[in-house]
Amino acid sequence: MKVAIVHDWLVNYGGGERVVEQMLALYPDADIYTLVYDKGKMASHFPPEKVHTSFLQKIPCASKLYTKFLKFMPKAFESFDLSGYDLVLASSSSCAKGVITAPTVPYLAYIHTPMRYAWDLYFAYLKRSGLLTRFFMKRWIPGIRQWDYLSSQRIDTIICNSRYIARRIQKFWHRDAKVIHPPVDTERLTPNGKESEDFYIVFSRFVSYKRIDVAIQACGELGRKLIVIGSGSEEKHLKAFAASFAGSSITFTGRLPDDKVADFLQRCRALIFCAEEDFGIIPVEAQACGRPVIAYGKGGALETVVDGKTGIFFDGQDSQSLKEAMLRFEALAEQGIFKAQDIAAHAQQFSASRFRTQLKAQIDETVRMIQAKI
């Protein structure tokens, strides 16, 4: 069987790229089609000989400027000739799912989210964009929105990463979606068998919607130790904010290799997770290490954290709500409520092997459905 895998872009390694890796584990000989490809960063995960890029790759610095190409992305993905393939799989949070396939070829798309900036977060993106970006957003997004809906109708089977995203897909595309939670490396991430140490962790990209400032303020006001792992556009602001809490113990590590992150996750008191995410792999990674999660009670975290067993939720995306949750968590932890082995066992339901099994079952079902129609 000749298989094509389509992904938005291959410029950094993250959750979406892990999904592509698992697709390749099922179909090692598959070809990969993507908007742009950063060979320097991604060759170790996705060899150049497997990757086919769009015409936008020819633009200088394409792997850095690709987010500016939204207007041209639909045409780029529709330009891929997939007529020689027996099966097409897409991994998409933007335009990758818009490829054109023959009616006789099974086509499944794993949707991380419908385009946030085209739908429910349009006004939030608009408010924090510069004057020039706002001008083009107002001009281009209505057309992108129409294309996004129309191209979603080409997919034979839609799979998504959470019930939260399934609801967004139904709302914006009027399509039903099968939920398969994304893969987490539960073989590499395991408990260390030791007692937790006296610090909390935030592990995230430093962007505004992650609300790292909430964790910093709560830990600063409570006098708790906080390790902040990651980097991003908000770094300077967050460091200045952390410095405003006199005597606080808030440490920024910058970006760390996977083994160092795993070490912190294994030793921390708990992970603090303040974002409203589509799914959120990091809380599952912490749980795989046997550590509980204090999470904002919206989005995908509601599907991965068990309140009172593998962590607790806080209701408001603000420091007061988080502080109350942290104090409640500490009281429960003193009672021995959170057991590392139980938390790690819970995380096993998000393993990579489980993901492959469920994905293959959906592929087989779709193949049978298409064959019955032709």
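What counts and what doesn't
- Residues numbered from 1 in each chain as written.
- Predicted model: local features only at pLDDT ≥ 70, side-chain atom pairs only at ≥ 80, totals over all residues.
- Heavy atoms only, no water.
- Helix = DSSP H or I, 4+ residues; strand = E, 2+ residues; numbered from the N terminus.
- Rg over C-alpha atoms; globule rule 2.2 N^0.38 Å.
- Buried < 20%, exposed > 50% of the residue type's maximum accessible area, 1.4 Å probe, protein only.
- Contact = heavy atoms within 4.5 Å.
- Pairing = 2+ DSSP bridges.
- Axes fitted to C-alpha atoms, helices over the stretch in contact; angles between N-to-C directions.
- Right-handed = clockwise from strand over helix to strand, strands pointing away.
- Core = buried A, V, L, I, M, F, W, Y, C linked by side-chain atoms within 4.5 Å.
- Parallel < 35°, antiparallel > 145°, perpendicular 65-115°, else oblique.
- Left-handed = near helix turned anticlockwise from the far one by under 90°.
- Salt bridge = Lys/Arg side-chain N within 4 Å of Asp/Glu carboxyl O.

Caption draft 1: Local environment of the overall build of the protein. Assigned secondary structure in the protein consists of 15 helices and 13 strands. A globule of 374 residues ought to have a C-alpha radius of gyration of about 21 Å, and the protein, at 21 Å, matches this closely. When its C-alpha atoms are laid out on the principal axes, the protein stretches across 65 × 45 × 40 Å. Within the protein, the proportion of its 374 residues that are buried is 52%. When contacts within the protein are restricted to residue pairs at least 6 apart in sequence, those whose partners lie at least 24 apart make up 65%.

Caption draft 2: Structural context of the sheet that holds strand β11 (residues 270-273). Spatial strand order, β10-β9-β8-β11-β12-β13: 6 strands in an open sheet with parallel pairing. Where the open sheet ends on each side, the last strands, each with one partner, are β10 (250-254) and β13 (311-314). With direction set aside, neighbouring strand axes in the sheet form an average angle of 25°. As paired strands, strand β8 (residues 200-203) and β11 are joined by 2 bridges and run parallel to one another. Residue pairing in the sheet places Tyr200 in a bridge with Ala270 of β11.

Caption draft 3: Geometry of the pairing of β11. Here β11 shows two buried faces, one formed by Ala270 and Ile272 and the other by Leu271 and Phe273. Between the parallel elements β11 and strand β12 (residues 293-296), the chain passes through helix α11 (residues 281-288) in a crossover that is right-handed.

Caption draft 4: Summary view of the nonpolar core. Membership of the largest hydrophobic core comes to 44 residues, with the highest contact counts inside it found for Val6, Leu35, Val36, Phe77, Leu82, Val88 and Val99. Looking at this core, the elements that each hand over two or more residues are β1 (3-7), α4 (73-78), β4 (87-92), β5 (107-111), α5 (122-127), α6 (131-152), β6 (157-160) and α7 (163-173). Element by element, the count of residues in this core is highest for α7, at 5 residues. Setting aside residues no more than four positions away along its own chain, Leu82 makes contact with Ala4, Val6, Tyr33, Val88, Val99, Ile100 and Thr101.

Caption draft 5: Just unusual backbone geometry, in detail. Phi at His174 takes a positive value of approximately 60°, unusual for a residue other than glycine. Within the fold, His174 resides in the loop between α7 and β7 (178-179). Not every positive phi belongs to a glycine, and Arg211 is a case in point at roughly 55°. Along the chain, the position of Arg211 falls in the loop between β8 and α8 (212-222). Residue classification places Arg211 among the partly exposed residues on the basis of a relative accessible area of 25%.

Caption draft 6: How the structure looks around the packing of α8 against helix α9 (residues 235-243). Relative orientation of the contacting elements α8 and α9 amounts to 15°, with a least axis distance of 10 Å. In terms of axis orientation, α8 runs roughly parallel to α9. Where α8 crosses over α9, the two elements pack in a sense that is right-handed. When α8 is examined against α9, the residues Ile212, Asp213, Ile216 and Gln217 are found in contact with a partner set consisting of Leu238, Phe241 and Ala242.

Caption draft 7: The pattern of salt bridges, seen in detail. Inspection of every chain in the model, using the stated rule, returns 17 salt bridges. One salt bridge connects Arg163 with Glu303, and the closest N-O pair in it is separated by 3.9 Å. Note that Arg163 is positioned in helix α7 and Glu303 in helix α12 (residues 301-304), a separation of 140 residues in sequence. Judged by its relative accessible area of 52%, Arg163 is exposed. Classification of Glu303 by relative accessible area gives buried; the value is 13%. For Asp213, the salt bridge goes to Arg211, with nearest N and O atoms at 3.0 Å.

Caption draft 8: Quick peek at the pairing of β6. The two faces of β6 match: Thr157 and Ile159 on one face and Ile158 and Cys160 on the other face are all buried. Bridge count for β5 against β6 is 4 bridges, and the pairing is parallel. Considered in β6, the bridge of Ile111 is made with Cys160. Inspection of the sheet shows β6 paired to β7 by 2 bridges, in the parallel sense. Looking across to β7, one finds that Ile159 is bridged to Lys178. Crossover handedness for the path β6 to α7 to β7: right-handed.

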